[in-house]
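# Summary of structural features
Next come the chains, spelled out residue by residue.
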Amino acid sequence: MNFSPRRPALAAAGWAGLLALIAACGTPSSPTAPHADAAAWLAAVPADRLIDLSYAFDTTTVYWPTARRFERIQDAAGMTPEGYWYAANSICGSEHGGTHLDAPQHFARDGWTTDRIPIEALVAPVRAIDARAGAAADADHAVTVEEIRAHEAAHGPIPRGAVVVLHTGWGDRWPDLKRYLGDDTPGDASRLHFPGLSEAAARFLAVERGPAGIGIDTASIDPGPSQDFRSHRVLAAANIYALENLDNVERLPPAGATLIALPMKIANGSGGPVRVLAILP
Ligand SMILES: [Zn+2]
């Protein structure tokens, strides 16, 4: 299998790639941006143009029913005898819960592990595909090639190396397990209902478009009833990562924003908690 990055626009150079990308995606309001000074430009991005797409981790955070949930154990919190404050916690939980990244190795033995995903692939233009109509009509809706083509007809072709985010509207249900996952039985993942990506659309994206990653505002890229995770497998085989349980996707424009997704760098990880930001055009 060929693991060379399939993202020439981004792989070329770190900041240069990002800046070229930002320039291509939209015109920042500052007339000096983005060429002069990347740090100054980033520092000048107004808060209302930054979106946090990650949920916080606490005891209510949604995990896959069979996965170990998030735990924060307080190791210290208080004034020391020396008179200063000191707090520290230990944390524990599955790689696959809350807002997290699926590394390709999650479903492809030879795919990238979390630490091996090139950082160029984690900074990308983002497309947001409105899949709310299909999801509202069918809780198990699997986003189709036609829906992706309809997005492209309105907003232009999905660029190679982009992250494609599916907006199903399921974020409104977070963190109510019964409504978000379709079932709240601990340890049982056989009766889940939520929308995802169809295998055909996963194949279309992987083969025809070459995205860096696919994101969604549900617990999984595959729809809830899936037991064979075909979309995961198609994407993972092409070294395309997934971002699951994304927050605030309704604030993404269909095109023009830039995504920054930084997973915890777990050596040989199959995924991990991820902080996802979007910079609006
Ligand atoms: Zn996962």
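You'll find the structure just up there.
Report on the accompanying structure. (Residues numbered from 1 in each chain as written. Predicted model: local features only at pLDDT ≥ 70, side-chain atom pairs only at ≥ 80, totals over all residues. Heavy atoms only, no water.)

### A few points about the overall build of the protein chain
- In terms of helices and strands, the protein chain carries eight helices and 12 strands.
- For the protein chain, buried positions account for 50% of its 281 residues.
- By sequence separation, contacts in the protein chain at least 24 residues apart represent 73% of the contacts at least 6 residues apart.
- Accessible surface computed for the protein chain: about 12900 Å², of which carbon and sulfur atoms make up 55%. (Helix = DSSP H or I, 4+ residues; strand = E, 2+ residues; numbered from the N terminus. Buried < 20%, exposed > 50% of the residue type's maximum accessible area, 1.4 Å probe, protein only. Contact = heavy atoms within 4.5 Å. Areas by Shrake-Rupley, 256 points an atom, 1.4 Å probe, with all protein chains shown as cover.)

### Observations concerning the coordination of the zinc ion
- Around the zinc ion, the protein contributes the donor atoms His-96 (ND1), His-100 (NE2), Asp-102 (OD) and Glu-244 (OE), which lie 1.9 to 2.5 Å from the metal centre.
- Coordination at the zinc ion is irregular, judged from the four donor atoms that bind it and the angles of 73 to 164° they form at the metal.
- Counting along the primary sequence, the residues that act as donors to the zinc ion give the motif H-x3-H-x1-D-x141-E. The same class applies to His-96 as to Asp-102, namely buried. (Donors = N, O, S within 2.8 Å, 3.2 Å for Na, K, Ca; no water. Tetrahedral: all angles 85-135°; square planar, octahedral: opposite > 155°, others 65-115°.)

### Quick look at the nonpolar core
- In this structure, Tyr-241, Leu-243 and Leu-252 are the most contacted members of the largest nonpolar core, which totals 26 residues.
- If you look at the next biggest cluster of nonpolar residues, it comprises 23 residues, including Val-145, Ala-162, Leu-166 and Ile-221. (Core = buried A, V, L, I, M, F, W, Y, C linked by side-chain atoms within 4.5 Å.)

### Examining the pairing of strand 9 (residues 213-216)
- In strand 9, alternate side chains face the same way, and those of Gly-213 and Gly-215 on one face and Ile-214 and Ile-216 on the other are all buried.
- Here strand 9 runs beside strand 10 (residues 241-244); their pairing, made up of three bridges, is parallel. Counted as the bridge partner of Gly-213 is Tyr-241 from strand 10. (Pairing = 2+ DSSP bridges.)

### Some words on the pattern of salt bridges
- Following the criterion strictly, the structure yields 10 salt bridges and no others.
- Salt-bridge contacts for Asp-52 lead to Arg-275; the nearest nitrogen and oxygen are separated by 2.6 Å. Residue Asp-52 is found in strand 1 (residues 50-52), and its partner Arg-275 is found in strand 12 (residues 271-279); the two are separated by 223 residues along the sequence.
- Residue class for Asp-52 comes out partly exposed when judged on its relative accessible area of 26%.
- Salt bridges sharing partners connect three or more residues here, namely Glu-199, Arg-203, Asp-228 and Arg-230. (Salt bridge = Lys/Arg side-chain N within 4 Å of Asp/Glu carboxyl O.)

### Notes on the packing of aromatic side chains
- For the coordinates displayed, the defined rule picks out six aromatic pairs.
- Between Trp-174 and Tyr-180, the ring centres sit 5.2 Å apart and the planes meet at 85°, which makes this aromatic pair edge-to-face. Just as Trp-174 is buried, Tyr-180 falls in that class too.
- The residue whose ring lies beneath Arg-173 is Trp-170, and the NZ or CZ to ring-centre distance is 3.7 Å. (Phe/Tyr/Trp six-rings, centres within 6.5 Å; stacked < 30°, edge-to-face > 60°. Lys NZ or Arg CZ within 6 Å of the ring centre and 35° of its normal.)

### Quick look at the packing of helix 5 (residues 145-155) against helix 7 (residues 199-209)
- Packing of helix 5 against helix 7 brings their axes to within 8 Å, and their N-to-C directions diverge by 50°. As judged from the angle between their axes, helix 5 and helix 7 are oblique. Along its contact with helix 5, which presents Val-145, Ile-148, Arg-149 and Glu-152, the element helix 7 presents Ala-200, Ala-201, Phe-204, Leu-205 and Arg-209.
- Of the residues that constitute the contact of helix 5 with helix 7, the class distribution is six nonpolar, no polar and three charged. (Axes fitted to C-alpha atoms, helices over the stretch in contact; angles between N-to-C directions. Parallel < 35°, antiparallel > 145°, perpendicular 65-115°, else oblique. Nonpolar A, V, L, I, M, F, W, Y, C, P; charged D, E, K, R; others polar.)

### What to know about helix 8 (residues 230-237)
- Ser-231, His-232, Val-234, Leu-235 and Ala-236 are the residues of helix 8 that are buried.
- Taken together, the buried residues of helix 8 touch strand 4 (100-102), strand 8 (196-197), helix 7, strand 9 and strand 10.
- At the C-terminal side of helix 8, Asn-239 shows a positive phi close to 60°.

### As for the pairing of strand 11 (residues 257-263)
- Counting buried residues along strand 11, six of its seven residues qualify, which places the element largely inside the surrounding structure.
- Inspection of the sheet shows strand 5 (residues 123-130) paired to strand 11 by four bridges, in the antiparallel sense. Within strand 11, the residue paired with Val-123 across the bridge is Ile-260.

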